[in-house]
Amino acid sequence: MTVATTAIEQAAGHRTAGRPPRGIPGPRLLPGVAVLAAAVATLLAHDTPGPDIARYFGYLVLGIVLPGTLIWRACGPRRCPLPVELAAGAAVGYALEIGAYAAARAAGGPRWFLAWPVITIVVFAAVPALRRHYRPRPQAERLPVPAAWTLAGLVAALVVFAAPAFYRAHGLTWPGNAAPYVDMPFHLSLVGELRHHMPPTVPEVAGEPLAYHWFLYADLAATSWATGIEAQTVLYRLAVLPMAAAFTILVAALGRRVAGSWWAGAAAVALAYLAGTPDLFGWRDSPLPSGALAGTLTWLSPTQTFGAALFAALTLAVAGVLRRATPARLLLVLVLLTAVSGAKATFVPLLGAGLALLLVFRRDRVVLALLAMTAAVLAFAQFVVFGGASQGMSVRPGALAAWLVSTHPAPGDDPARLTVAVSVALGAGWAVAFAAAGVLLLRRGHWKNPMALICLGIGLASAGAALLFGHPGVSQLYFLRGGWPYLAVLAAAGLRAALARVPALVRPALIAVCLTGGAALAVETRSAAGPALTLDSALAPVAILAGAAALTALAVLCSTGGVAAVLLVLAGLCAGPQVTGQLHAYSGGPHAIPEVPEVPRGGMEAARWLRANTGPHEVVATNVHCRGVRVRHCDNRHFWASAYSERRMLVEGWGYTPTNLGRVVDYQADRYTTFIFWDQARLAANDAVFRQPSREAVRRLLTGHGVRWLLVDERDPLLSDDVGRYTALRFRAGDCAVYQITPWAANPDIFSLIV
């Protein structure tokens, strides 16, 4: 049987996934080997040290995946294929690693957490009842080889296309790491904070509470301690790849559970990564906001990727509980739910919405128990992990559309009316992206699957939250990104149901022609759209979409394609811009370094010297607080000093602190990235040592704030030449230097007192 024939049978609904394998199992391992080889080759091509790759892979397998898979097999659903077990096991391993590391770090032994995988592996080997979990379950479903290669291709696309675009802009040495995306040094600084402190605080402003989902950074810190790999290498190169791979496999598994086909699962992954808001708006420089996961976002928001992988495993664990509730399965759900709550704050409310919708149709104790558990964990996260802070998130209907209107001002139109029009356009675009899910509404039998209802609840809640909530950094979009894959699962199930009525031999040509036609329609419509944001340019593409869909439907309803053709055209219209954008990012040249890069020459070396020669509880003063060249306002998101030194700064950057975000009143007028520091007395004491150095200024910093070290960026035009007069130079590299405040420098009379 050829691959093409197998694909046709799968699309037609023939269920071959559960058949026992024939022949040797070697071919089933080749897709994974191919992905691993592509990942290693890509990492080596982007200056990742080979020994680091080997150590990381060894720790990943033995410290996370193996013990996690054993626990998943003991507690989770019974019929998962081996790739799904490994992906879900990785999620369980991450969850337990975080708890073990937090306890070990708080107890003062950061490597003590390594006891948990050793104990798990030994216990499962020693106890006869558990030893069987070392072998794949005989009743487990087998992943068809063609579907396995398809999923491997989707993962490899992330490695080959998306990863290099990120790697080029985020080198491991200067100047490759001189101009990173604004959030990457922030992530790195929190990894350093979790390497040395539990509970963590904001390292850029000493003493500021950390009201943020920090579980990812605990995982990265644990990995760095376990392997000896630099935190920058773990974050910029290694850690995201297995998380993205696990997420891809788990979403496909959920698609298989909802739609009954591994091909639908693969289609769900493709839609999750590539289907976006139709890019038909000429007034927009880039695609409208959507939840599409393609591009470098997988790396630029590692907390989202980490949370998404854990959440996908959680949904499969919930599916297992709904099929058969046992104490072990409920405990597994609780572990994953707790890990998700601190990995990304947006996911737990989405699960609550999905369970609430299921409760409407299925009133039983299991659903009630899951909903109560979700509510309890949500309360724990909000009041314990996040300290009750909102981080700037509040109920503001239309804030997303208002942000778009404010970035594309168009005199002559009422902003309020434009906001409503853009909100309608956004909702219509998201509905078009997953129009195939509507097929399920016409076939009630599909809604007997409780996971379909949970996916629907997650998806609707994610879109509603994106439109109803507001955040000064537009972070309400993370709700949409979190729920997007579950809408994709429903859309893939709908496409499969629609294609089931199309003759098998016609399907490949129908799919190719309609997807291509949809992509061409997107290009043509965008070229015809007006360049300014007006009521007409906001709503015209929606009308064009409706008309095109109606005409297509009339043309094909009596032909072979039917409804499936219309849905495929819409899918191509939504995915085409994402594909071309990804190819453009991959074909880009070397990353351009600005004239005044954020990280100065010698900055990483000076910060790491400070890390090597000071204790982790030292508080450091630095003279830089603004990113790049200060033209009119100071961009207060400056993080590299704490990121590379792994030390707390008296005042560095304060953009993402809860205090700064809590000062936003008007979401359109207030720019939190340019707010001045709220404690001017502290800032003045910090800056006086660099700008008007004196013995009194040095003494005030030492006795009043406990600062004994200075990390200096010598490019600062306000830097005084007398900094070294009252402090001792300890290290210099490039444009950076490290000074120490000695007791003698702060108080020269101390020598006479000793004599």
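Scroll up a little and you will see the structure.
A. Region of the structure containing the pattern of salt bridges. Tallied over the entire structure, the rule returns 18 salt bridges. Across the pair R195 and E646 runs a salt bridge whose closest N-O atoms are separated by 2.9 Å. On the criterion of sequence distance, the pair formed by R195 in helix α8 (residues 183–196) and E646 in the loop between α27 (640–645) and β4 (648–649) is long-range, its members being 451 residues apart. Using a relative accessible area of 11% as the deciding quantity, one classes R195 as buried.

B. Seen up close, the environment of T227. The residue T227 is located in helix α9 (residues 215–227) in this model. In this structure, the C-alpha to C-alpha distance between T227 and R55, residues 172 residues apart in sequence, is 6.0 Å.

C. Quick look at the side chain of H133. Relative to the assigned elements, H133 resides in the loop between α6 (128–131) and α7 (145–169). In contact with H133, not counting residues within four places along its chain, are L70, R73, A74, R78 and F124.

D. Representation of the state of the cysteines. Summed over the entire model, instances satisfying the criterion amount to one disulfide. In this model, C626 is linked to C634 through a disulfide, with the two sulfur atoms separated by 1.9 Å. On the sign convention where negative means left-handed, the S-S torsion of about -110° between C626 and C634 marks this disulfide as left-handed. According to the relative accessible area criterion, C634 is buried, its value standing at 10%.

E. Spatial organisation of the packing of aromatic side chains. Across all of its chains, the model carries 22 aromatic pairs by this definition. Relative to F639, the ring of F186 has its centre 5.2 Å away and its plane inclined at 55°; by these criteria the two rings are tilted. With F186 in helix α8 and F639 in the loop between β3 (619–622) and α27, this pair connects stretches of sequence that are 453 residues apart. Using a relative accessible area of 6% as the deciding quantity, one classes F186 as buried. In textbook terms, an aromatic cluster arises when at least three aromatic residues are bridged by ring pairs, as seen for F186, Y212, Y217, F639, Y656 and Y672. Above the ring of W225, the side-chain terminus of R195 is found at 4.4 Å from the ring centroid. Just above the ring of Y478 sits the side chain of K344; from NZ or CZ to the centre is 4.0 Å.

F. A nonpolar patch on the surface, seen in detail. Together, L36, F57, V61 and L62 make up a nonpolar patch on the protein surface, roughly 330 Å² of accessible area in all. The leading source of residues in the nonpolar patch is helix α3 (residues 50–75), at three residues. Along the chain, F57 turns up in helix α3.

G. Local environment of helix α17 (residues 365–385). With 21 residues, α17 extends 29 Å from end C-alpha to end C-alpha; this agrees with the ideal 30 Å at 1.5 Å per step. Considered for burial, the residues of α17 that qualify are V367, L370, M373, T374, V377, A381 and V385. Down the axis, α17 shows its buried residues gathered within 125° of arc, on one side only. Of the residues in α17, the exposed ones pointing more than 90 degrees away from the buried face are R365, F383 and V384. Structurally, α17 contributes buried residues whose contacts are with α9, α14 (302–323), α15 (327–343) and α16 (347–361). Capping the start of α17, D364 holds a side-chain oxygen 3.2 Å from the backbone nitrogen of V366, two or three residues further along. Looking one or two residues beyond α17, the residue adopting positive phi is G387, at roughly 60°.

H. Structural context of the pairing of strand β7 (residues 736–740). Counting buried residues along β7, five of its five residues qualify, which places the element largely inside the surrounding structure. Alignment of strand β6 (residues 728–733) against β7, held across five bridges, turns out to be antiparallel. Bridge pairing in β7 links A728 to Q740. With antiparallel pairing between neighbouring strands as the criterion, β6 and β7 make up a hairpin whose turn holds two residues, including G734 at a positive phi of roughly 60°.

Analysis parameters
- Starting afresh in each chain, residues are numbered from 1 along the sequence in its written order.
- Totals for whole chains, interfaces and linings use every residue, but because this is a predicted model, local features are given only for residues with pLDDT of at least 70 and side-chain atom pairs only at 80 or more, for both listing and counting.
- The side-chain quantities take in all heavy atoms of the structure and omit both hydrogens and water.
- Whenever Lys or Arg places a side-chain nitrogen within 4 Å of a carboxyl oxygen from Asp or Glu, that contact is recorded as a salt bridge.
- Under the scheme used here, helices are H or I runs from DSSP no shorter than 4 residues and strands are E runs no shorter than 2 residues, and both carry numbers assigned from the N terminus.
- The cut-offs for exposure are 20% and 50% of the maximum accessible area for each residue type, with area from a 1.4 Å probe on protein chains only; residues under the lower value are buried, those over the upper are exposed, and the others partly exposed.
- A contact between two residues is defined here by any heavy atoms of the two lying within 4.5 Å.
- When two cysteine sulfur atoms are found within 2.5 Å, that pair is recorded as a disulfide.
- Centres within 6.5 Å are what make two rings of Phe, Tyr or Trp a pair, Trp counting through its six-membered ring; a difference in plane orientation under 30 degrees is then read as stacked, over 60 as edge-to-face, and the rest as tilted.
- The rule for a charge over a ring is simple: NZ of Lys or CZ of Arg within 6 Å of the ring centre, and within 35 degrees of the ring normal.
- Here the term patch refers to residues with relative accessible area over 30% and no salt bridge, with like charges joined within 9 Å and nonpolar side chains (Val, Leu, Ile, Met, Phe, Trp, Tyr) within 5 Å.
- Residue exposure ignores everything except the shown protein chains as possible cover, and the areas themselves are Shrake-Rupley values with a 1.4 Å probe.
- In a helix, the anticipated span is given by 1.5 Å times the number of residues less one.
- Here, the arc refers to the directions that run from the helix axis to the C-beta atoms.
- Under the rule applied, a polar contact is a pair of N or O atoms within 3.5 Å (in protein, one hydrogen donor and one hydrogen acceptor; residues adjacent in sequence only if both atoms are side-chain atoms).
- Paired strands, as defined in this entry, are two strands with at least two bridges between them according to DSSP.

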